[in-house]
Amino acid sequence: MAISFREVEHNYAGLRKNDYVAALHNINLDIAAQDEFVAVVGQTGSGKSTLVSHMNALLLPTKGSVHIFDYVITPKKRKNPKLKPIRKRIGFVFQFPEYQLFEETVLKDIMFGPLNFGYKEEEAKQRALQAAKMLGIGADLLEKSPFNLSGGQMRKVAIAGILAYNPDILLLDEPTRGLDPKTALEVMEIFNRVNKEYKKTIVVITHDMNLVYKYATRVIGMKDGMVKFDGKPIDLFSSNIYKECHLTKPDLLCLIDYLNEKMNLNLGYDIYSEEELLKRLKEVIL
Ligand SMILES: Nc1ncnc2c1ncn2[C@@H]1O[C@H](COP(=O)(O)OP(=O)(O)OP(=O)(O)O)[C@@H](O)[C@H]1O
Ligand SMILES: [Mg+2]
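Only a predicted model underlies this, so the values are computations on that prediction, with no experimental measurement involved.

### Considerations on the domain arrangement of the protein
And then number 1: Looking at the protein, the domain boundaries give domain 1 (3-239) and domain 2 (250-286).
And then number 2: Centre-to-centre separation of domain 1 and domain 2, based on C-alpha positions: 34 Å.
And then number 3: Across the interface of domain 1 and domain 2, roughly 660 Å² is buried in total on both sides, 67% from carbon and sulfur atoms.
And then number 4: Inspection of the domain 1/domain 2 interface yields zero salt bridges.
And then number 5: For the side of domain 1 that touches domain 2, the class distribution of residues is four nonpolar, two polar and no charged.

### Some details on a nonpolar patch on the surface
And then number 1: Residues Met263, Val284, Ile285 and Leu286 make up a contiguous nonpolar surface patch of about 420 Å² in total accessible area.
And then number 2: With respect to the element layout, Ile285 can be found in helix α12 (residues 274-285).

### Regarding the coordination of the magnesium ion (ligand 2)
And then number 1: The magnesium ion (ligand 2) binds to the protein through Ser49 (OG) and Gln95 (OE1), with metal-donor distances spanning 2.0 to 2.4 Å. Here Ser49, found in helix α1 (residues 48-53), pairs with Gln95, found in the loop between β6 (90-93) and α3 (106-116); they are 46 residues apart in sequence, far enough to count as distant.
And then number 2: Given a relative accessible area of 18%, Gln95 falls into the buried group.

### Quick notes on the site of ligand 1
And then number 1: Around ligand 1 lies a shell of 14 residues, among which Gly45, Lys48, Ser49, Thr50 and Gln95 are the nearest.
And then number 2: At 3.2 Å from an oxygen atom of ligand 1 is found a main-chain nitrogen or oxygen belonging to Ser46.
And then number 3: For ligand 1, an oxygen atom lies 2.7 Å from a polar atom in the side chain of Lys48.
And then number 4: Within the residue set of the shell around ligand 1, elements represented by two or more residues are β2 (20-31) and α1.
And then number 5: Take the shell around ligand 1: its biggest share by element is three residues, from α1.
And then number 6: Classifying every residue of the shell around ligand 1 gives three nonpolar, nine polar and two charged.

### Some details on the sheet that holds strand β1 (residues 3-13)
And then number 1: With antiparallel pairing, four strands are arranged side by side in an open sheet as β2-β1-β4-β5. Each having just a single partner strand, β2 and β5 (71-73) make up the two edges of the open sheet. Put simply, the sheet's adjacent strands are angled 25° from each other on average, direction ignored.

### Digging into the packing of aromatic side chains
And then number 1: Counted by the stated rule, this structure contains eight aromatic pairs.
And then number 2: For the pair Tyr213 and Tyr272, a centre-to-centre distance of 4.9 Å together with 20° between the ring planes defines the contact as stacked. Here Tyr213 is found in helix α8 (residues 209-215), whereas its partner Tyr272 is found in the loop between α11 (251-262) and α12, with 59 residues between them in sequence.
And then number 3: Classification of Tyr272 as partly exposed rests on a relative accessible area of 36%.
And then number 4: An aromatic cluster of at least three residues, connected via ring pairs, comprises Tyr213, Phe237, Tyr242 and Tyr272.
And then number 5: The ring of Phe69 is capped by Arg89, whose NZ or CZ atom sits 3.5 Å from the centre of that ring.

### Points about the packing of α3 against helix α6 (residues 151-163)
And then number 1: Running from N to C, α3 and α6 cross one another at 35°; their axes reach a closest spacing of 7 Å. In this structure, α3 meets α6 at a crossing whose hand is right-handed. Across the interface between the two elements, Val106, Asp109 and Ile110 of α3 pack against Val157, Ala160 and Gly161 of α6.
And then number 2: By residue class, the composition of the contact of α3 with α6 is four nonpolar, one polar and one charged.

### Thoughts on the pairing of strand β4 (residues 63-68)
And then number 1: The pairing of β1 with β4 spans five bridges and is antiparallel. By the bridge assignment, Ile3 is partnered in β4 with Ile68.
And then number 2: With three bridges connecting them, β4 and β5 associate as antiparallel partners. Counted as the bridge partner of Ile68 is Tyr71 from β5.

### Concerning the packing of α6 against helix α7 (residues 181-198)
And then number 1: Closest axis-to-axis distance for the α6/α7 pair is 12 Å, and the angle between their directions is 10°. With respect to α7, the axis of α6 lies roughly parallel. Contacts between α6 and α7 involve Lys156, Ile159 and Leu163 on the former and, on the latter, Thr183, Val187, Ile190, Phe191 and Val194.
And then number 2: Tallied by class, residues from the contact of α6 with α7 come to six nonpolar, one polar and one charged.

Criteria and cut-off values
Residues numbered from 1 in each chain as written. Chains lettered and ligands numbered in written order. Predicted model: local features only at pLDDT ≥ 70, side-chain atom pairs only at ≥ 80, totals over all residues. Heavy atoms only, no water. Domains from an automatic or database assignment. Buried area = accessible area lost by both parts, 1.4 Å probe. Salt bridge = Lys/Arg side-chain N within 4 Å of Asp/Glu carboxyl O. Nonpolar A, V, L, I, M, F, W, Y, C, P; charged D, E, K, R; others polar. Patch = residues over 30% accessible without salt bridge, like charges linked within 9 Å, V, L, I, M, F, W, Y side chains within 5 Å. Areas by Shrake-Rupley, 256 points an atom, 1.4 Å probe, with all protein chains shown as cover. Helix = DSSP H or I, 4+ residues; strand = E, 2+ residues; numbered from the N terminus. Donors = N, O, S within 2.8 Å, 3.2 Å for Na, K, Ca; no water. Buried < 20%, exposed > 50% of the residue type's maximum accessible area, 1.4 Å probe, protein only. Near = heavy atom within 4 Å. Polar contact = N/O pair within 3.5 Å; in protein donor to acceptor, adjacent residues only side chain to side chain. Pairing = 2+ DSSP bridges. Axes fitted to C-alpha atoms, helices over the stretch in contact; angles between N-to-C directions. Phe/Tyr/Trp six-rings, centres within 6.5 Å; stacked < 30°, edge-to-face > 60°. Lys NZ or Arg CZ within 6 Å of the ring centre and 35° of its normal. Left-handed = near helix turned anticlockwise from the far one by under 90°. Contact = heavy atoms within 4.5 Å. Parallel < 35°, antiparallel > 145°, perpendicular 65-115°, else oblique.

Structure representation (structure tokens):
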């Protein structure tokens with residue numbers, strides 16, 4: 001396993017001394033090094049960002065341990081390994097990308113990762129340009145300051161900066177937030193390609209259940225700092241657990257429910273696109 005949580009707890013320091021906010025309780029889970037497409041879901045404040053921040057040691061557990069490749073991360077800061085090799089292998093796009101960008105120009109920002117992890121200037125530039133192209137970041141933006149971009153553009157730049165150094169695992173905290181629906185789909189398609197073609201593991205936090213159903217092969221449902229569900233999306237939405245996690249059903253499954261009820265059909269949830277639904281409908285009706 002690439003990442004393993006063993007009885008992990010996390011408490012944030014509170015406002016007053018000896019006060020704390022319990023954000024994760026007794027987390028045990030494993031993420032494979034390759035070929036997983038995991039969605040982390042749950043209502044606001046359920047602990048998603050805190051959970052994912054432990055996956056590249058951005059946060060340390062208050063109790064328990066996180067095993068990342070050959071490294072063991074424990075509450076004791078001084079005993080922990082150097083984090084740079086972990087960061088190279090596990091890229092993280094933050095929930096608020098403005099905290100992640102800091103160079104003078106967009107191009108320099110995207111080049112930062114490859115340079116930091118040992119690529120030579122020219123190769124770093126080529127990688128940055130390729131990543132920018134993948135995300136549709138136009139040449140006109142490359143020389144701008146990243147702080148003069150819109151929220152969605154900043155997010156694209158942050159994503160390009162991670163893709164440019166080719167980590168083994170990508171952690172993405174609400175990567176489609178602030179993007180228009182078409183761009184959001186394009187960005188998810190890029191992650192899908194990275195997952196399918198290069199077998200990389202992708203961990204995405206999202207509030208968009210349509211994207212979860214379309215892309216994820218595994219879903220982790222968080223509630224009150226605990227893992228309430230860990231399994232296939234189809235099983236989450238076939239049970240009532242999605243309601244307990246304050247989630248909504250994907251539109252496609254709502255449509256299937258509606259058709260089943262109104263037309264007295266018995267369509268299953270193993271349908272992942274409108275085209276598939278239409279095909280299945282034709283089979284049962286004609
Ligand atoms: N830096 C912090 N200091 C103190 N408490 C925090 C901090 N960050 C998060 N928390 C608390 O920890 C809990 C989990 O927060 P977290 O950010 O992990 O939730 P989330 O599921 O990512 O929510 P959202 O969907 O809003 O991003 C919440 O109760 C939150 O208030
Ligand atoms: Mg969050």
